[in-house]
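Secondary and tertiary structure notes
Spelled out, the chains give:
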Amino acid sequence: MEKATISIIGVPLDLGQSRRGVNMGPSAIRYAGAVARLEAIGHNVIDEGDILVDAVERIESSDVGLKNLNEVIKANTKLAEQVEAAVTDGKFPLVLGGDHSIAIGTLAGLKKGYNNLGVIWYDAHTDMNTAETSPSGNIHGMPLAVCIGLGHDSLVNLHSEGPKVKTENIVIIGARSVDPGERALIEEKGIKVYTMHEIDRYGMSYVMEDAIAYLQSREVDGVHLSLDLDGLDPLYTPGVGTPVPGGISYRESHLAMEMLEDSGIITSAEFVEVNPILDEKNKTADVAVGLMGSLFGEKLI
Ligand SMILES: NC(=[NH2+])NCCC[C@H](N)C(=O)O
Ligand SMILES: [Mn+2]
Ligand SMILES: [Mn+2]
């Protein structure tokens, strides 16, 4: 089968959390050579540019416990439309963040094209808070709850009514910072999580094999990779707003991407939380682009 054209969509949104600069993530990733890297592997790439995020005053406090809710909704609605259009055109959506609240728009945009979508959430966090459980009010800590139908109505019903993904079709990899409300939800719903403990104990090779087999056993008709650069150890990706030590290594991450490429299950992806202001000489965006290389078929030999 011929490979799908990759449609790059930038989302310069930093309103889903409190640290400025992650809106420059799409630029930093492009500057690190994303397009050329993918073209060198033989892919056809169309850079669609950035979603327009209106400059707004940041509304840090909110009566519903969700910071900058309206702006997050606006940007994600545009993103959902663009992701949906890419899928309808038979393209592979590759979304560049932006903070992780943009997964709300990406997953909303994928809904129409897939009946049984799987999701791999590569992250130090589980991003399953709601306004009630969130310690911060930051929407970037909530997208995975939203996509299974939990949270503010305007987020849950963004672009289309109701949940976007089945709880049993989600796999979280790399978790090591989980809030009490998130832990309760994971337990209640029986969500599949490979924490750092499983990665340390069984190795990334086993974890990825198991995760891929699990999603295949769910008979998914596509898998979205949502990769938060803070999933890696801050040693490798210091340019993130919520770093957590003890993370996934550079090599483990490449192995994970290579195994996903070998499996052929990935049908869309997003790379989020790159914050060039907090970075060291664009190191984090460089790592993101390297991982894209492995995910899209670059080989060592
Ligand atoms: N996408 C992220 N980096 N999320 C970090 C979330 C941190 C914390 N659990 C919160 O809800 O505020
Ligand atoms: Mn995270
Ligand atoms: Mn995240």
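Residues numbered from 1 in each chain as written. Chains lettered and ligands numbered in written order. Predicted model: local features only at pLDDT ≥ 70, side-chain atom pairs only at ≥ 80, totals over all residues. Heavy atoms only, no water.

In the nomenclature of an unreviewed UniProt entry, the chain corresponds to Arginase from the organism Sporosarcina siberiensis. Its UniProt record gives the chain the following Sequence similarities (unreviewed entry) comment, quoted word for word: "Belongs to the arginase family." Word for word, the UniProt comment on the chain under Catalytic activity (unreviewed entry) is "L-arginine + H2O = urea + L-ornithine". (UniProt positions renumbered as here; feature names shortened; annotations may be inferred.)

Burial of helix 4 (residues 103-110) is extensive: 8 of the 8 residues sit out of reach of the surface. Taken together, the buried positions of helix 4 are occupied by Ala103, Ile104, Gly105, Thr106, Leu107, Ala108, Gly109 and Leu110. (Buried < 20%, exposed > 50% of the residue type's maximum accessible area, 1.4 Å probe, protein only. Helix = DSSP H or I, 4+ residues; strand = E, 2+ residues; numbered from the N terminus.)

Time to look at the coordination of the manganese ion (ligand 2). Four donors placed tetrahedrally about a metal ideally form angles of 109.5 degrees, and six donors placed octahedrally ideally form angles of 90 or 180 degrees. Each protein donor to the manganese ion (ligand 2) is listed here as Asp123 (OD), His125 (ND1), Asp228 (OD), Asp230 (OD) and Asp230 (OD); together their distances run 2.1 to 2.4 Å. Mapped onto the polypeptide sequence, the residues donating to the manganese ion (ligand 2) form the spacing pattern D-x1-H-x102-D-x1-D. For the pair the manganese ion (ligand 2) and the manganese ion (ligand 3), the metal-to-metal distance amounts to 3.1 Å, and aspartate 123 bridges them. Across the pair, aspartate 230 and aspartate 228 agree in class, each one buried. (Donors = N, O, S within 2.8 Å, 3.2 Å for Na, K, Ca; no water.)

With 6 of its 6 residues buried, strand 1 (residues 6-11) lies for the most part within the structure. Bridge count between strand 1 and strand 2 (residues 45-50): 4 bridges; the pairing is parallel. The residue bridging serine 7 from the neighbouring strand is isoleucine 46, located in strand 2. The pairing of strand 1 with strand 3 (residues 92-97) spans 6 bridges and is classified as parallel. Counterpart to serine 7 in the pairing with strand 3 is proline 93. (Pairing = 2+ DSSP bridges.)

With that settled, consider helix 7 (residues 180-189). If you check which residues of helix 7 are buried, you get Glu182, Leu185 and Ile186. Seen along its axis, helix 7 keeps its buried residues to an arc of 100°; they face one direction. Those residues of helix 7 that are exposed and aimed more than 90 degrees away from the buried face are Pro180, Arg183, Glu187 and Glu188. Those residues of helix 7 hidden inside the fold are in contact with helix 5 (143-147) and strand 6 (192-195). Phi for glycine 190, located one or two positions after helix 7, is positive at around 65°. (Arc of directions from axis to C-beta. Contact = heavy atoms within 4.5 Å.)

Summarising the metal site, the manganese ion (ligand 3) is bound by the protein donors His100 (ND1), Asp123 (OD), Asp127 (OD) and Asp228 (OD), whose distances to it range over 2.0 to 2.2 Å. Of note, the manganese ion (ligand 3) draws all its donor residues from one chain, in the sequence arrangement H-x22-D-x3-D-x100-D.

Of the volumes computed, that of the second largest pocket is approximately 200 Å³. In terms of lining residues, the second largest pocket is bounded by 13 residues, among which His125, Asn129, His140, Gly141 and Asp179 are the most central. Along the lines of polarity and charge, the residues of the lining of the second largest pocket split into 1 nonpolar, 9 polar and 3 charged. (1 Å grid on protein atoms, 1.4 Å probe; cavity = no way out; pocket = protein on both sides within 12 Å on 5 of 7 lines; lining within 4 Å. Points joined across faces, edges and corners; volume = space filled by probe spheres on them. Nonpolar A, V, L, I, M, F, W, Y, C, P; charged D, E, K, R; others polar.)

This brings us to the site of ligand 1. Lining the immediate surroundings of ligand 1 are 14 residues, of which Asp127, Asn129, Ser136, Asp179 and Thr242 lie closest. A distance of 3.2 Å separates a nitrogen atom of ligand 1 from a polar backbone atom of histidine 140. One of the side-chain N or O atoms of aspartate 230 is found 3.1 Å from a nitrogen atom in ligand 1. When the free accessible area of ligand 1 is taken as 350 Å², the share hidden by the protein chains comes to 93%. The cavity where ligand 1 resides is the second largest pocket. A breakdown of the residues in the shell around ligand 1 according to their chemical character gives 1 nonpolar, 7 polar and 6 charged. (Near = heavy atom within 4 Å. Polar contact = N/O pair within 3.5 Å; in protein donor to acceptor, adjacent residues only side chain to side chain. Areas by Shrake-Rupley, 256 points an atom, 1.4 Å probe, with all protein chains shown as cover. Sits in = over half its atoms within 2 Å of the grid points.)

This part is about the packing of aromatic side chains. By the definition in use, this model includes 3 aromatic pairs. Seen from their ring centres, tyrosine 202 and tyrosine 206 are 5.5 Å apart, and the 55° between their planes marks the pair as tilted. Residue tyrosine 202 and its partner tyrosine 206 are both found in helix 8 (residues 196-217); the two are separated by 4 residues, about one turn of the helix. Arranged with centres 6.3 Å apart and planes meeting at 35°, the rings of tyrosine 236 and tyrosine 250 form a pair that is tilted. With tyrosine 236 in the loop between strand 7 (222-228) and helix 9 (250-263) and tyrosine 250 in helix 9, this pair connects stretches of sequence that are 14 residues apart. Residue tyrosine 236 is classed as partly exposed on the basis of its relative accessible area of 27%. (Phe/Tyr/Trp six-rings, centres within 6.5 Å; stacked < 30°, edge-to-face > 60°.)

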